[in-house]
Structures are given as structure tokens and as C-alpha cells.
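Residue-level listing of the chains:
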Amino acid sequence: RLQGSEGTTVDIGVLHKDGVTQSYRLVRRHVDVDSVTKAEFVDQVGRIGYIQLTGFQKTSPEEIDAAVADLSRQGMRALVLDLRGNPGGLLNVAVEIADRFVSQGVIVSTRGRAAGQNQVFRATGQGRWNFPLLILIDHDSASASEILAGALQDHHRAIVVGERSYGKGSVQSIFSLHSAPAGLKLTTAKFYSPKNRPYSEQGVSPDIPIKTRVSAKPTPGASAAPAEDVQRGDPSADMVLAAAIRAAKDQLNPSR
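Keep in mind that this is a model prediction, so the values were computed, not measured.

(A) Quick peek at the sheet that holds strand 5 (residues 78–82). Strand order in the open sheet formed by 6 strands is 3-4-5-8-9-12, with mixed pairing between adjacent strands. What marks the edges here is a single partner per strand, and that holds for strand 3 (36–43) and strand 12 (208–209). Here strand 3 pairs with strand 4 (residues 48–53) via 6 bridges, running antiparallel. Looking at strand 4, one finds that phenylalanine 41 is bridged to glycine 49. On the sheet, helix 1 (residues 60–73) packs against strand 3, strand 4 and strand 5 and is oriented at approximately 160° with respect to strand 4. Contacts from helix 4 (residues 239–252) reach strand 3, strand 4, strand 5, strand 8 (133–137), strand 9 (159–162) and strand 12 within the one sheet, and its direction differs from that of strand 8 by about 165°.

So, in C-alpha cells, the structure goes:
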């Protein structure tokens, strides 16, 4: 009931804990939600950049372009791309972003029972970013996140750090029903990596595995914050990011 055309109004009442209700009239407006939520340096000496991507929406390629351009102007030598907690989004956006890092070959393919479900998405030869790349994933990285991480891993274009991803590699199709104004959603195909690895139920396995989930039960009376509460993007508290920074330095300085 809150949704409606831009510029129209909606009246709401807010009930406070003391029982008092306040009325508000809101004007509906367009909201832009950024998918790049952080773009900064996590190691000033090594000039290692960090970008946090929370989803794959139609503006994500342009957001990534702007973030990389800004960091590059400041002398970035390596990049950490954080896909942890990223549930995915648009397939074509994942392909577009991967295309910026690889110059040739398959990025992702789909295979199903029907011929129309079989597709292959390839790099267009426009790959223009050749700096060392580290990708962070966890058990909540799914769908388009897995397509991007798996493609760059298979092409040896990125080192993947963290936990095995969620494993959502299925394609859903919606079939309209003639008997009712509704549709039936069915899984009709699955996603495969450039090396024909299925993502469904298998996910992407990191090159550098870092376990962050707390499995042991806390002792009585003790309070333990789950790993997900750690401030991501802070190398002093984020062990996955810290491992990625070490790997980036090894790539930048092979003699270390």
C-alpha cells in the first residue's frame, strides 16, 4: 500500500511505544540504491584498493567503472572485490563486469533439457583491467556473484578468498497459466563455469579458504559475536580481507 506513482502522496500513522499515534503525509519519490557501497584503499603503502559490491543491478557496471577509475587515479596497484553477502541479481550485469577483466573465452553457459535453454556467454575482447584481483566470497554469495567469481577463477584472472559460496546455479522460467491470472516458475536450466563446473549445490570453492563462521558453542555466560558482525572492510578485524591483502602483496612482490 505504500507503493505508487512518483509524486503522489500517502498518509501513514506511526504508533509509538507510549500509545501515541503520529500522522505523516509522504510524497512518493524515485529511490536510487547504490550497489557499490565502499570504494577505498585498505593498504596505503601497497596501494591496494577495495570495492564492496552488494548486488548486480543495471547500474552496477557504471558504478564499478567509476570506482575503479577513481582508485586508479590515486595509484591503485591491486584490487580486492568483496562479494560477501551478495545474493546476485542480473545475469547480463555479471557477464558485463567479468568482460572488463577477461579478454577472451567463455564467461558462463547455461544448459537445460530444451534447446532454447542452452546459451553461451563469451568475452567480447574488451577486457581492459589487468591489475591483480582478489575476490572475497562467503556462504551468502550467490547466483551472479558465483558467476563472476567462478569465471575469473577459471580464467586464472582472480584469486578467490573466503568460504565456499551458496550454490545457486539454476535458471528459472515462468510459464503463464491459462486457467488463472498466474504463472508457474520452474527450474529449466543450470549455470556452468568456463571449465564446465556446475554452480548449483556446489558453489565456488575459494583458492584461499578462510573459515569465518562460528561453529563451537559459547561457554555458559559468555557472549560471542558471530563472524558476520565483524566490520567488513577493516583489515585489522576482517580476517578474510587481511588474507586477501597478503595475497595481493605476494602478487605485487613475487620475491617476498
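(B) Broad picture of the pairing of strand 7 (residues 119–122). Pairing analysis gives 4 bridges linking strand 6 (residues 106–112) to strand 7, with the strands arranged antiparallel. In the sheet register, serine 109 faces strand 7, and the bridge partner there is valine 120. Between strand 6 and the antiparallel strand that follows it, strand 7, lie 6 residues.

(C) Spatial organisation of the sheet that holds strand 10 (residues 170–176). If you trace the 4 strands from one edge of the open sheet to the other, you get 7-6-11-10, paired in antiparallel fashion. Whereas interior strands pair on both sides, the edge strands pair on one side only; in this sheet they are strand 7 and strand 10. When the angles between neighbouring strand axes are averaged without regard to direction, this sheet yields 25°. Sheet topology places strand 6 next to strand 11 (residues 183–192); 4 bridges connect them, and they run antiparallel. The partner of glycine 112 across the bridge, within strand 11, is alanine 189. Most of the contacts of helix 2 (residues 91–99) go to strand 6, to which it runs at about 150°, and overall it touches strand 6, strand 7 and strand 11.

(D) Quick look at the layout of surface pockets. There is about 190 Å³ of room inside the largest pocket. Contributing to the lining of the largest pocket are 14 residues, with Leu91, Ser170, Val171, Gln172 and Phe191 lying nearest its centre. Class assignment for the residues of the lining of the largest pocket results in 6 nonpolar, 7 polar and 1 charged.

(E) Expanded view of the nonpolar core. Of all hydrophobic cores here, the largest spans 41 residues; its most connected members are Ile51, Phe56, Ile64, Leu81, Ile135 and Leu152. Examining the composition of this core, we find that 6 residues originate from one element, helix 3 (residues 144–154), more than from any other. Setting aside its immediate chain neighbours within four residues, isoleucine 64 contacts Val36, Ile51, Leu53, Leu81, Ile97 and Trp129. Membership of the second largest hydrophobic core comes to 17 residues, among which are Leu134, Val161, Ala243 and Ala244.

(F) Region of interest: the pairing of strand 8. For strand 8, the buried fraction is high: 5 of the 5 residues fall into the buried class. Here 4 bridges tie strand 8 to strand 9, and the two strands are oriented parallel to one another. Considered in strand 9, the bridge of isoleucine 135 is made with valine 160. Once the chain exits strand 8 it traverses helix 3 before rejoining the sheet at strand 9, and the crossover so formed is right-handed.

(G) Region of interest: a nonpolar patch on the surface. A cluster of nonpolar side chains, contributed by Phe175, Leu177, Leu184 and Leu186, occupies part of the molecular surface with about 340 Å² of accessible area. Relative to the assigned elements, leucine 184 resides in strand 11. Exposure remark for leucine 184: the relative accessible area of 42% places this residue in the partly exposed category.

(H) Molecular detail of the pattern of salt bridges. According to the stated counting rule, one finds 9 salt bridges in the structure shown. With a shortest N-O distance of 3.0 Å, aspartate 43 and lysine 249 are connected by a salt bridge. Here aspartate 43 is found in strand 3, whereas its partner lysine 249 is found in helix 4, with 206 residues between them in sequence. Note on aspartate 43: relative accessible area 12%, which makes it buried. For aspartate 65, the salt bridge identified is with arginine 128, shortest N-O distance 3.3 Å. Linking aspartate 65 in helix 1 with arginine 128 in the loop between strand 7 and strand 8, this pair joins segments that are 63 residues apart in sequence. You can call arginine 128 partly exposed: its relative accessible area is 46%. Several salt bridges share partner residues, and in doing so they unite Asp65, Arg100 and Arg128 into one network.

Scoring rules and cut-offs
Residues numbered from 1 in each chain as written. Predicted model: local features only at pLDDT ≥ 70, side-chain atom pairs only at ≥ 80, totals over all residues. Heavy atoms only, no water. Pairing = 2+ DSSP bridges. Helix = DSSP H or I, 4+ residues; strand = E, 2+ residues; numbered from the N terminus. Contact = heavy atoms within 4.5 Å. Axes fitted to C-alpha atoms, helices over the stretch in contact; angles between N-to-C directions. 1 Å grid on protein atoms, 1.4 Å probe; cavity = no way out; pocket = protein on both sides within 12 Å on 5 of 7 lines; lining within 4 Å. Points joined across faces, edges and corners; volume = space filled by probe spheres on them. Nonpolar A, V, L, I, M, F, W, Y, C, P; charged D, E, K, R; others polar. Core = buried A, V, L, I, M, F, W, Y, C linked by side-chain atoms within 4.5 Å. Buried < 20%, exposed > 50% of the residue type's maximum accessible area, 1.4 Å probe, protein only. Right-handed = clockwise from strand over helix to strand, strands pointing away. Patch = residues over 30% accessible without salt bridge, like charges linked within 9 Å, V, L, I, M, F, W, Y side chains within 5 Å. Areas by Shrake-Rupley, 256 points an atom, 1.4 Å probe, with all protein chains shown as cover. Salt bridge = Lys/Arg side-chain N within 4 Å of Asp/Glu carboxyl O.

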